[in-house]
Amino acid sequence: MSQSMRGKAATQPTTTSSAVRNSLFRLTLSSEIFIAASPQRLWEIITDFAAYGGWNQAIPSATGEATAGSVLRVLIHWPGLKRSHYELDVLTASPAHELRWLGHFGIKGLMDGDHRFLLEAVGADTTRLTQTECFSGALIPVFAPWLRDNVLSGFDQMNLALKARAEQPPLATPVRESALPRSSAI
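Thresholds applied
Residues numbered from 1 in each chain as written. Predicted model: local features only at pLDDT ≥ 70, side-chain atom pairs only at ≥ 80, totals over all residues. Heavy atoms only, no water. Helix = DSSP H or I, 4+ residues; strand = E, 2+ residues; numbered from the N terminus. Buried < 20%, exposed > 50% of the residue type's maximum accessible area, 1.4 Å probe, protein only. Pairing = 2+ DSSP bridges. Salt bridge = Lys/Arg side-chain N within 4 Å of Asp/Glu carboxyl O. Axes fitted to C-alpha atoms, helices over the stretch in contact; angles between N-to-C directions. Contact = heavy atoms within 4.5 Å.

Chemist: So, unusual backbone geometry: which residues are in play, and what are the values?
Modeler: The phi angle at alanine 96 is positive, at roughly 60°, despite the residue not being glycine. Examined against the element boundaries, alanine 96 turns out to sit in the loop between strand E5 (84–94) and strand E6 (98–104). Residue alanine 96 is classed as partly exposed on the basis of its relative accessible area of 21%.

See the structure below:
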């Protein structure tokens, strides 16, 4: 990766977003950002659900494990909308590569969301994060504008917050007194 690309990833906090109407009953939202951090660093952040409240306004509360077959319990707060609780089924948890879950609005089939975080290394210290969600179900014709305007804005907000958190310098670990070498008195 060129020096200019690394500088661009570290200084340009922008997202590239899209909403694609796949059919009357399917809509895919996508938000992409380049982050000056390794996929492993991003994986650590997006799977540390207990810490979401400290940085993630879109999902201020999450509990569960990043393992396929597990259930995440989350509180989602998209911009301009009320907070809602969801139980999400983890479908894929491939460390430093992909986290994917499936959620339902009400009962299965009304409006289902297949959500993914894809992490792709594009250099030694840069990752392309793509957050997508494919919505499907009977309510898509009614909710498509709401999803496009509010949820996609939440993806962008979350990606920018993730970038800010991942690009922070690591905190210095305090040295415990017992770990310091002891001098002997002569």
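Chemist: Any chance you could break down the pairing of strand E4 (residues 71–76) for me, citing the residues and the numbers?
Modeler: Within a regular strand, side chains alternate between the sheet's two faces. Pairing of strand E3 (residues 61–63) with E4, which is carried by 3 bridges, proceeds in the antiparallel orientation. In the sheet register, alanine 62 faces E4, and the bridge partner there is valine 74. Pairing analysis gives 6 bridges linking E4 to E5, with the strands arranged antiparallel. Looking across to E5, one finds that arginine 73 is bridged to glutamate 87.

Chemist: Tell me about the pattern of salt bridges, residues and numbers included.
Modeler: Enumeration according to the criterion identifies 7 salt bridges in this entry. A salt bridge links arginine 100 to aspartate 114; the shortest N-O distance between them is 2.8 Å. In this pair, arginine 100 sits in strand E6 while aspartate 114 sits in strand E7 (residues 112–123), placing the two residues 14 residues apart along the sequence. Each of the two residues, arginine 100 as well as aspartate 114, counts as buried. For the salt bridge of arginine 148 with aspartate 149, the shortest nitrogen-to-oxygen distance reads 3.4 Å. For arginine 148, a relative accessible area of 40% corresponds to the partly exposed category.

Chemist: An account of the sheet that holds E7 is needed here, citing residue identities and associated values.
Modeler: Read from one edge to the other, the open sheet built from 8 strands follows the order E1-E2-E8-E7-E6-E5-E4-E3, with strand pairing classed as antiparallel. On the outer flanks of this sheet lie strand E1 (16–23) and E3, each paired with one strand and no other. Put simply, the sheet's adjacent strands are angled 20° from each other on average, direction ignored. Of the pairings in the sheet, the one linking E7 to strand E8 (residues 126–136) comprises 11 bridges and is antiparallel in character. Paired with glutamate 120 across the strands is arginine 128, a residue of E8. Against the sheet, helix H2 (residues 39–46) makes contact with strand E2 (26–35), E5, E6, E7 and E8, and its axis sits at roughly 150° relative to E7, the strand it touches most. Here helix H3 (residues 140–166) sits on the sheet in contact with E1, E2, E7 and E8, set at roughly 15° to E2.

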